[in-house]
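Observations on the three-dimensional arrangement
Next come the chains, spelled out residue by residue.
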Amino acid sequence: MSLASAFEGGPAFVPYLVAGDPDYSASLSYVEALDDGGADAIELGLPFYFEFVEELDVDASLVCMTYYNLVSRYGESTGPRPFVERAAEVGIEGFVVPDLPVEEAGPLRDACDEFGLDLAFIVAPTTTDDRLQLIRERVSGYVYVQARLGTTGAREDISAQTGHSLERLDGWEIPKAVGFGIGSGDQAERVVQAGADGVIVGSALVEIVGEGIETDAPTTEVSSRLAGKVRELKAGALAGGSSTNRNEHGRTDPTLER
Amino acid sequence: MSLASAFEGGPAFVPYLVAGDPDYSASLSYVEALDDGGADAIELGLPFYFEFVEELDVDASLVCMTYYNLVSRYGESTGPRPFVERAAEVGIEGFVVPDLPVEEAGPLRDACDEFGLDLAFIVAPTTTDDRLQLIRERVSGYVYVQARLGTTGAREDISAQTGHSLERLDGWEIPKAVGFGIGSGDQAERVVQAGADGVIVGSALVEIVGEGIETDAPTTEVSSRLAGKVRELKAGALAGGSSTNRNEHGRTDPTLER
Amino acid sequence: MSTSKYGEYGGQYVPEALMPAIEELTDAYERYVLDNEDGFIDEFRRRMREFGGRPTPLQYADQLSERYGFDVYLKREDLLHGGAHKLNNALGQVLLAKYMGKDRIIAETGAGQHGTATAMAAAHLDMPCEIYMGETDVARQRPNVFRMRLNGADVTPVTAGRGTLKEAISETMRDWAGSVEETHYVIGSVVGPHPFPAMVRDFQALISEEARDQIRDRIGRVPDSVVACAGGGSNTMGAFQHFRDDEVDLYAVEAGGSSLTLDEEEGVAPNSASLSTGTDGVLHGARTKVLQDSDGQICESHSVSAGLDYAGVGPELAHLVEEGRVRAVTVDDTATLEAFHRLSREEGIIPALESAHALAFLDRAASGDADLGDEVVVNLSGRGDKDIETVLEETDRRDLSVAPDMSLFEELGGGSL
Amino acid sequence: MSTSKYGEYGGQYVPEALMPAIEELTDAYERYVLDNEDGFIDEFRRRMREFGGRPTPLQYADQLSERYGFDVYLKREDLLHGGAHKLNNALGQVLLAKYMGKDRIIAETGAGQHGTATAMAAAHLDMPCEIYMGETDVARQRPNVFRMRLNGADVTPVTAGRGTLKEAISETMRDWAGSVEETHYVIGSVVGPHPFPAMVRDFQALISEEARDQIRDRIGRVPDSVVACAGGGSNTMGAFQHFRDDEVDLYAVEAGGSSLTLDEEEGVAPNSASLSTGTDGVLHGARTKVLQDSDGQICESHSVSAGLDYAGVGPELAHLVEEGRVRAVTVDDTATLEAFHRLSREEGIIPALESAHALAFLDRAASGDADLGDEVVVNLSGRGDKDIETVLEETDRRDLSVAPDMSLFEELGGGSL
Ligand SMILES: Cc1ncc(COP(=O)(O)O)c(C=O)c1O
Ligand SMILES: Cc1ncc(COP(=O)(O)O)c(C=O)c1O
């Protein structure tokens, strides 16, 4: 099994939510709502409880996004191996660890290989060519293309930025999912038009959960808002996929390469 | 006219009050009450208004006690001469200036001589023999013998202290008035027994005025309390005078010597 | 080339977007700080002398020496501009940012000490400066907020979470991740990803460079031991650095708070003793000793002293403790308050509560807990003006014989300070 | 032999009971301070170095120099232990008391700066210490009260009169008159009867002794002018002393307050400019320039800066102004606040409001009011931590373009500082 397969049915939509936000049972519903809305993979901010994943009933691939301290502290022995082993048991297919640059990723990469999980890395606009090379050697599942640096500022030029970023990954045989500040179906569409194999959406969804807390909305209502947003974004991504000659931007057959 | 004459009728009683405390007219009454009570001379804390002295109807000799800044600032020209001239006009007979040591007293001594006024100096327990000599040369009217240093501490040994202080003035041909913390007729008596030619009482009277302010007592009541206290003190002084062979302590005929 | 690892500790655990900034900074650190390119170090030393007030004195403490039976020398970082050792680092980094061509400074602050030092350095070097501070801290550390504002810094209250240091750090990181090209992030201690721990140590090493010369001038040899408090560990590493190759015992005194036992249930450590009680983890960009629960969740730390109240510690210091070169010890809040009052009263110096931890350890040593030898240097990392309100409150709750009676002044008008 | 008179000024206008103490002190001053008997001056210098933090730097002020078009050097007395030049004098006198065999220290204080310096010095030298302070001042200067208490000093609130500095001085004098044998009265400036003005000047002269060497090292010559604020005038005399025989213009900057015109009716001077607007009189034991009405009643003085808020001035300084050697100038409260903000913001140093007067005069000079020449030394007599609350209030009342916007922080919890 490989995360890359989540990208096989055309442009993938990859939403992000935090398990346990605002509480355990509500977030179960929310994550399931993402699935209902048509998510292809779900990045799950996973503090530490795997029982959450066991209870979860979703079709989408599950990616665990968490800080390296939690990964490396789990279980009795030191290092990431126990965490990865348990993640594999509950059906998690891969990891994104935002504070783990590729240089420090050796132990986690090894554990993922041992248990057949993917390890995605982020590529930022500031990533140097030297480091791109390192990342290419170690990434699996998909590469997370960070669309821009700050979250503030004009969002209009997102497709131009994305196009530029994707050009640097020309020839990489791995799906490229673009994220960071994407919030509407329209933006999703343009990102895919610019050549992305998938769209990652985080803060726009976390905001919906946050509003739910503020307005004290029932879980079902928040869930349906989430599912609606997911449908909008998914539709945007798909629209982007059909309106474009995607191979022009170097998309290749998304198979696992390591 | 000389202040020394106030000491001629036996042990003199020299009370002190501040003109204008707590207000102009009340303090007029209070000072007159001191006179009624039998004061021989009155040390008047005189901030700056001479009209007060002009209105005052008393028999006792008036001594002006004030800070040197007020003495030296009065009138158009600098130096103490204008102040002394005006003081002479209103009938003041002499000065005690507590912050003017004998070394700095040249200009005031000259002005006093010009207008026939006395200038008393204080002798403290700490005054050195060298300085005693200087004071002896420049003092007139009476010498103010400071009975002790601090106002706190045991008051019982006041006569011993006083006896010791007066011994140092043996042979001075000028009345010796003892003051500082004397508050009862009994103390006045013992001070005179110890050889003083006069008793100066300040804070015990100022306190009566202060109590009057606090209890909002009518001026007449405070005046009568003052007069009562003055009578007690005066009686004590006189008792001390009659119960003692005063010449034993070196008392001489109190005539002006400079 | 500088090394990014100290045994098991250190490293560069940062978001991808920051890696180039970290590499650029590493390069600048090696060129300017290590190789004095363009005379950077000369200018740094000159400004620390003229603006900062270096060298700070090494003072023989008459009363403490008599009390303890060994010679106590105080390294007087409290006399540095701003009132603490913090300026050594803040000025070094702001100056480095200038040499790197950056034109904006950001920093996080908790209690405000690092923020004020950074704001001062930025004003001195004419650099725009923004300080992130949790809104709870903004409200309870107002004098420091005003100081930063007076120095022309923008203070941005962070409203997320509990509104304290942790959220302020996240927000500063977020800013940096989006502004790395023109912005330098001035970290406040020997923590964070390489090259920060090494660089901050090198700036703070002025302390031991001077102290070593000063004590040798005085007694003709190095001391038997050096004692410093440890929060993140910057004054600590600065005080130890030039004594590391000598036969000198090095003591890092941590905040023992009210207890050394972690409350797993609540995720709360009633202390800030990460060297003494922490476990290996990754925090703020480096592998180090961390106060965390068994799941790897970072604990809330606690100390009477805001500047020590931190769940991690510098990776190099963690390594030195692991190696046995540095001894990590703790003193609790009460012993610290006693030491605060003792120095104030007997030596006429009101120490920072942070520094009072180092002083409190002298007392423990004198009662037999450690043999510090005959000649002891204590780093007095800062002055305690900022702590007076806290000390009054905390003293009130305890029965400290050494504390002065303040009851008279409670009667006389005016509520708080 | 030391001289007690400076032209018309000076002298010893004290109660008879104190004359012996004054003579004893004069003798001690001549032996220990002037003749270094028993190595007094050596110990004084050593303690000022190790405990006090001397020498303080002479700092080139980059931004101010650029702004004004002449070189501005700041003599950084703000870095002295305690945060102001006050310690030079307090430590000198407490040490002298020790050499004289006294075993008790008393002092008066108004805003608390001199009191805190004296309390620190007394704690350092292990001398019991009592500070008299008007009860109104106790209530409004609580942080300083706490500092004194922390340093082990007794603080005795004086309830007489308005409960401010004047009453505190009287009460201290009363104490001294009754305790001269074992007690030394540490006066807070170059005021009072001889030998105080000469002695305090000599202790403070460390400032110009260092500054003269420092500026000559820097520019190879003495400066064109030296600028210092003047309350009682101790930092002033200290900053001028070693430049008196040079061709250097000396400027004493007084507090112009809100107006230079005396209100005869109310007996109130809305300024503290005794050199500029006062008349000859006798105050606190010396003949000098005094703010007084035509009857010789001392006026209430006023200044935004508590430390300059005094109706008299040192007699020697009055004489130097009379002679034309020193120029007395004034700046008002508003110009002072602007200078406070300017230095904080542009140089990263928060000055004492007292010192901000000296800085404000640079601005006046640059706009043509005085020709300070090319090389100007300004005595930065103290740091402004103590003044932050006052500055916020006073800034609020005015419309100062240079001041930072604090409104954000008024919304966020917590009332006053
Ligand atoms: C005076 C003082 N000492 C020590 C510290 C602790 O920091 P570090 O351990 O990095 O020296 C602080 C932090 O604010 C401080 O203000
Ligand atoms: C910082 C500072 N500067 C100046 C002064 C004024 O005193 P002087 O004129 O004696 O230097 C004071 C008095 O408190 C002060 O605190």
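Relevant structure appears above.
Residues numbered from 1 in each chain as written. Chains lettered and ligands numbered in written order. Predicted model: local features only at pLDDT ≥ 70, side-chain atom pairs only at ≥ 80, totals over all residues. Heavy atoms only, no water.

Turning to the interface of chain D and chain C, a few remarks are in order. Counting from both sides, the interface comprises 60 residues of chain D and, opposite them, 60 residues of chain C. Together, the buried faces of chain D and chain C total about 5,100 Å²; carbon and sulfur atoms form 58% of this surface. Across the contact surface, chain D and chain C share 8 salt bridges. The partner of D385 of chain D in a salt bridge is R383 of chain C, with the nearest N and O atoms 3.5 Å apart. (Contact = heavy atoms within 4.5 Å. Buried area = accessible area lost by both parts, 1.4 Å probe. Salt bridge = Lys/Arg side-chain N within 4 Å of Asp/Glu carboxyl O.)

Further remarks concern the interface of chain D and chain B. Of the residues lining the interface, 27 residues belong to chain D; the matching set on chain B comes to 23 residues. Regarding the contact of chain D and chain B, the summed buried area is about 2,000 Å², with carbon and sulfur atoms giving 51% of it. By the criterion of area lost to chain B, the three top residues of chain D are Y13, E16 and D295 of chain D, representing 30% of everything that side buries. In this assembly, chain D and chain B are joined by 3 salt bridges.

Right, let's talk about empty space enclosed by the protein for a bit. For the coordinates displayed, the defined rule picks out 11 cavities of 30 Å³ or more. Quantified by volume, the largest cavity comes out at close to 80 Å³. Lining the largest cavity are 13 residues; nearest its centre among them are V97, L100, F121 and I122 of chain B together with E16 of chain D. By residue class, the composition of the lining of the largest cavity is 12 nonpolar, no polar and 1 charged. (1 Å grid on protein atoms, 1.4 Å probe; cavity = no way out; pocket = protein on both sides within 12 Å on 5 of 7 lines; lining within 4 Å. Points joined across faces, edges and corners; volume = space filled by probe spheres on them. Nonpolar A, V, L, I, M, F, W, Y, C, P; charged D, E, K, R; others polar.)

With that out of the way, let us pick up the sheet that holds strand β8 (residues 183-185) of chain D. Residue and element names in this part refer to chain D. Taken in spatial order, the 4 strands line up as β7-β6-β5-β8 in an open sheet, and their pairing is parallel. Whereas interior strands pair on both sides, the edge strands pair on one side only; in this sheet they are β7 (154-158) and β8. Averaged over all adjacent pairs, the angle separating strand axes in this sheet is 25 degrees, with direction ignored. Across 5 bridges, the pairing between strand β6 (residues 129-134) and β7 is parallel. Bridged to I131 within β7 is V155. (Pairing = 2+ DSSP bridges. Helix = DSSP H or I, 4+ residues; strand = E, 2+ residues; numbered from the N terminus. Axes fitted to C-alpha atoms, helices over the stretch in contact; angles between N-to-C directions.)

Moving on to the packing of aromatic side chains. In this structure the tally under the stated criterion is 38 aromatic pairs over all chains. For the ring pair F7 of chain B and Y142 of chain B, a centre distance of 5.4 Å and an interplane angle of 45 degrees mean the geometry is tilted. Taken together, the residues F7 of chain B in the segment before β1 (12-18) and Y142 of chain B in the loop between α6 (129-138) and β6 (143-146) connect sequence positions 135 residues apart. Judged by its relative accessible area of 1%, F7 of chain B falls in the buried class. Members of the aromatic cluster, joined through ring pairs, are Y32, F40, F44, Y99 and F203 of chain C. (Phe/Tyr/Trp six-rings, centres within 6.5 Å; stacked < 30°, edge-to-face > 60°. Buried < 20%, exposed > 50% of the residue type's maximum accessible area, 1.4 Å probe, protein only.)

All names here are of chain D. Near ligand 2 lie 18 residues; those nearest to it are S189, G231, G233, S234 and S381. A distance of 3.0 Å is found between an oxygen atom of ligand 2 and a side-chain nitrogen or oxygen belonging to H85. Contact between ligand 2 and S381: a nitrogen atom at 2.7 Å from a side-chain N or O atom of the residue. (Near = heavy atom within 4 Å. Polar contact = N/O pair within 3.5 Å; in protein donor to acceptor, adjacent residues only side chain to side chain.)

Before going further, it helps to spend a moment on the sheet that holds strand β4 (residues 71-76) of chain D. All names here are of chain D. A sheet is described by the order of its strands in space; here 6 strands give the open sequence β3-β4-β14-β9-β10-β13, paired in mixed fashion. The open sheet terminates on both sides in strands that have one partner only, identified here as β3 (58-60) and β13 (326-332). Strand-to-strand, the axes of this sheet are offset by a mean angle of 30 degrees, without reference to chain direction. Pairing analysis gives 7 bridges linking strand β10 (residues 249-257) to β13, with the strands arranged parallel. Looking at the pairing, E254 lines up with T330 of β13. Strand contacts of helix α14 (residues 333-347): β3, β4, β10, β13 and β14 (375-380), with the helix running at about 90 degrees to β13, the strand carrying the most contacts.

All names here are of chain B. If you walk through the whole model with that rule in mind, you get 94 salt bridges over all chains. Ionic pairing is found between R168 and D129, a salt bridge with its closest N-O pair at 3.0 Å. Placement of R168 in helix α7 (residues 158-168) and of D129 in helix α6 is noted, with a sequence separation of 39 residues between them. Judged by its relative accessible area of 57%, D129 is exposed.

Next up on the list: a negative patch on the surface. Residues D263, E264, E265 and E266 of chain C make up a contiguous surface patch of negative charge. By the secondary structure assignment, E266 of chain C is in the loop between β10 (249-257) and α12 (274-277). (Patch = residues over 30% accessible without salt bridge, like charges linked within 9 Å, V, L, I, M, F, W, Y side chains within 5 Å. Areas by Shrake-Rupley, 256 points an atom, 1.4 Å probe, with all protein chains shown as cover. Lys, Arg positive; Asp, Glu negative; His and termini not counted. Charge placed at Lys NZ, Arg CZ, Asp CG, Glu CD.)

Attention shifts here to the pairing of β4 of chain D. Residues and elements named next belong to chain D. Burial runs high along β4: 5 of the 6 residues are buried. As defined by bridge partners, β3 adjoins β4 across 3 bridges and the pair is classed as antiparallel. Across the sheet, Q59 pairs through a bridge with L74, a residue of β4. Taken together, the 6 bridges between β4 and β14 define a ladder with parallel strand orientation. Directly across from R76, in β14, lies its bridge partner L380.

The next thing to look at is unusual backbone geometry. Going from D21 of chain A to P22 of chain A, the amide bond is cis rather than trans, its omega being 0 degrees. Tracing the backbone through its elements, the reader meets P22 of chain A in the loop between β1 (12-18) and α1 (24-36). The step from H194 of chain C to P195 of chain C runs through a cis peptide bond, and the omega angle for that step is 15 degrees. Tracing the backbone shows P195 of chain C in the loop between β8 (183-185) and α9 (196-204). Residue N36 of chain C is not a glycine yet carries a positive backbone phi of 55 degrees. Inspection of the secondary structure assignment puts N36 of chain C in the loop between α1 (19-34) and α2 (40-50). Under the relative-accessibility criterion, N36 of chain C is labelled partly exposed at 27%. You will see that D126 of chain D, though not glycine, has its phi angle at about 60 degrees, which is positive. Along the polypeptide, D126 of chain D turns up in the loop between α5 (113-124) and β6.

What follows is about the layout of surface pockets. Estimates place the volume of the second largest pocket at around 560 Å³. What lines the second largest pocket is a set of 24 residues, and nearest its centre among them are G53, R54 and P55 of chain C together with R54 and P55 of chain D. Where the lining of the second largest pocket is concerned, the elements lending two or more residues are α2 and α10 (206-219) of chain C together with α2 (40-50) and α10 (206-219) of chain D. Residues of the lining of the second largest pocket, tallied by class, amount to 8 nonpolar, 6 polar and 10 charged.

This part is about the side chain of T172 of chain C. All names here are of chain C. Here T172 is to be found in helix α8 (residues 165-179). Of the residues examined, T172 reaches a relative accessible area of 0% and is grouped as buried. Here T172 is in contact with I106, A107, E108, Y132 and Y185, once residues within four sequence places are set aside.

Such coordinate-based values are descriptive only and should not be taken to indicate function.
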